[in-house]
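Listed here are the chains, written in short residue letters.
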Amino acid sequence: IFAWSGALRKRAELDGLADLAAFADKLERATLETIEKGIMTGDLAALSTLPDKKKVNSMEFLDAVAQELQSK
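It should be emphasised that the depicted structure is a prediction, and the values quoted were computed from it without experimental measurement.

Basis of the calculations
- Sequence order as written defines residue numbering, which begins from 1 separately in each chain.
- Reporting of local features is limited, given that this is a predicted model, to residues whose pLDDT is at least 70; pairs of side-chain atoms are given and counted only at 80 or more, and all residues count toward the totals for whole chains, interfaces and linings.
- Side-chain calculation: all heavy atoms of the structure are included, whereas hydrogens and water are not.
- What makes a salt bridge here is a side-chain nitrogen of Lys or Arg within 4 Å of a carboxyl oxygen of Asp or Glu, nothing more.
- Strands here are runs of E lasting at least two residues and helices are runs of H or I lasting at least four, both read from the DSSP assignment and numbered beginning at the N terminus.
- Exposed residues in this analysis have more than 50% of their type's maximum accessible area, buried residues have under 20%, and partly exposed residues fall in between, with area computed by a 1.4 Å probe over protein chains only.
- Residue contacts are defined here by distance: any two heavy atoms, one from each residue, within 4.5 Å place the two residues in contact.

**Observations regarding the pattern of salt bridges**
Per the stated rule, a full pass over the model turns up 5 salt bridges. The partner of Glu13 in a salt bridge is Lys10, and the shortest N-O contact between them spans 3.1 Å. Linking Glu13 with Lys10, this pair stays in helix α1 (residues 2-15), spanning 3 residues, or about one helical turn. For Glu13, a relative accessible area of 55% translates into the label exposed. Two residues, Arg11 and Asp15, come together in a salt bridge whose shortest N-O distance is 2.9 Å. In this pair, Arg11 and Asp15 are both assigned in helix α1, 4 residues apart and thus about one turn of the helix distant. Taken together, the salt bridges that share partners define one network made up of Arg9, Asp25 and Glu28.

And the structure:
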């Protein structure tokens, strides 16, 4: 996700698209907040020290990030 958001931010910078840059920032915040809530894929769960983790598959993680985005 961060590779895509970084690419979106760069495109926004090159084309002067403030709304796209703002979306890239929101996407990163939503991703981090999802992880901080303990919802993460197995690779992240294996590294995390959070006490209450919910390991989900990739599609479930993307759905959780999308839900977090919608709440903003």
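Continuing now.
**Examining the side chain of Ser48**
With respect to the element layout, Ser48 can be found in the loop between α3 (42-47) and β2 (54-56). If we skip the residues at most four places from it in the chain, Ser48 touches Met40 and Lys53.

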